[in-house]
Amino acid sequence: MNHKKLLIVGANAGIGLEMAKQLFVRGDDVTVTCRRPSDELLSLNVKVIDGVDVTEDSGIKKLTDSVAGEIFDSVICVAGLLESNSLDNLDFDSLRRQFEINAIAPLRVSQLLRSYIPAGGKLVILSSRMGSIGDNDSGGSYGYRMSKAAVNAAGKSLSIDLAEQGIAVGIFHPGWVRTAMTGFGGHLDPDECAALLIQRMDELTLENAGRFVHAEGEILPW
């Protein structure tokens, strides 16, 4: 396998951290961003760019300044936020926060870093099955569902717009993973999820780009 150069946006813990570990172990050149690095992240032999808040102009500037002149075979947008919003308890500041992190930030990163990805490269956005309108049979979770549906729409448009540059865009659902975001409930450990997501990323091409794909390979409804 040819070794690749990859950038993971949001890899301080959970799925992003595990992806960084596994990609490094297989021999890839890995750069990760975070707001504040964990001890576990710092223990990895990867390049860490901290102080990057993808919702702030200053964080985006630090990211682009730190990778100026570099080329990445893949850029992976992992950063996300899950907060509870029921119909009886709508917190509109929470809804806005989730939109900023889950929907606007990946689009912002994609716009700025598209020139850092060559033809034949890949852009991966981690979404969530909770953003599926067709699969919603339980309601609630307004901020998370709406923001993930929005990033799905952005990812689909990116897959069309970036095809002209030869960049394949994947929109992946990681599954229900045992992380701090889910209160450590779920069906998969982060290392299991990371391995599946890396498989999906390796399989991503221009021909199968722009689909909403489960980490296990299932095509999900919008």
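Remember, predicted model here, so these are calculated numbers, not experimental data.

Novice: Even after reading the chapter, I still don't get the side chain of Ser94, so can you show me in this structure?
Specialist: When you line up the elements, Ser94 lands in helix H4 (residues 92-113). Ignoring anything within four residues of it in the chain, the contact list for Ser94 reads Glu83 and Asn85.

Novice: So what exactly am I meant to see when it comes to the pairing of strand E4 (residues 74-77) here?
Specialist: For a regular strand, side chains alternate in direction, first toward one face of the sheet and then toward the other. Burial along E4 is two-sided: the residues Ser74 and Ile76 and Val75 and Cys77 are all buried. Across four bridges, the pairing between strand E1 (residues 5-9) and E4 is parallel. Within the sheet, the bridge partner assigned to Ile8 lies in E4 and is Ile76. As paired elements, E4 and strand E5 (residues 122-126) share four bridges and run parallel to each other. Opposite Ile76, over in E5, you have Val124 as the bridge partner. A crossover connection joins E4 to the parallel E5 through H4; in handedness this β-α-β unit is right-handed.

Novice: When you look at helix H1 (residues 14-25) in this model, what are you seeing that I'm missing?
Specialist: For an α-helix, the turn length of 3.6 residues means that residues three or four places apart are oriented alike. The terminal C-alpha atoms of H1 lie 17 Å apart, and with twelve residues this matches the ideal 16 Å at 1.5 Å per residue to within 8%. For H1, the set of buried residues is Ile15, Gly16, Leu17, Glu18, Met19, Ala20 and Leu23. Along its buried surface, H1 packs onto E1, strand E2 (29-33), helix H2 (39-43), E4, E5 and helix H6 (190-203). Among the residues trailing H1, Gly27 stands out with phi positive, at a value near 110°.

Novice: How do you make sense of the packing of H4 against helix H5 (residues 142-161) when you look at a structure like this?
Specialist: Between H4 and H5, whose axes approach to 8 Å, the crossing angle comes to 15°. The pairing of H4 with H5 is recorded here as roughly parallel in orientation. The two elements H4 and H5 meet at a crossing, and its hand is right-handed. In this structure, H4 contributes Leu95, Gln98, Phe99, Asn102, Ala103, Pro106, Leu107 and Ser110 to the contact, and H5 contributes Gly143, Tyr144, Met146, Ser147, Lys148, Ala150, Val151 and Leu158. Split by residue class, the contact of H4 with H5 holds ten nonpolar, five polar and one charged.

Conventions adopted
- Residues numbered from 1 in each chain as written.
- Predicted model: local features only at pLDDT ≥ 70, side-chain atom pairs only at ≥ 80, totals over all residues.
- Heavy atoms only, no water.
- Helix = DSSP H or I, 4+ residues; strand = E, 2+ residues; numbered from the N terminus.
- Contact = heavy atoms within 4.5 Å.
- Buried < 20%, exposed > 50% of the residue type's maximum accessible area, 1.4 Å probe, protein only.
- Pairing = 2+ DSSP bridges.
- Right-handed = clockwise from strand over helix to strand, strands pointing away.
- Expected span 1.5 Å × (residues − 1).
- Axes fitted to C-alpha atoms, helices over the stretch in contact; angles between N-to-C directions.
- Parallel < 35°, antiparallel > 145°, perpendicular 65-115°, else oblique.
- Left-handed = near helix turned anticlockwise from the far one by under 90°.
- Nonpolar A, V, L, I, M, F, W, Y, C, P; charged D, E, K, R; others polar.

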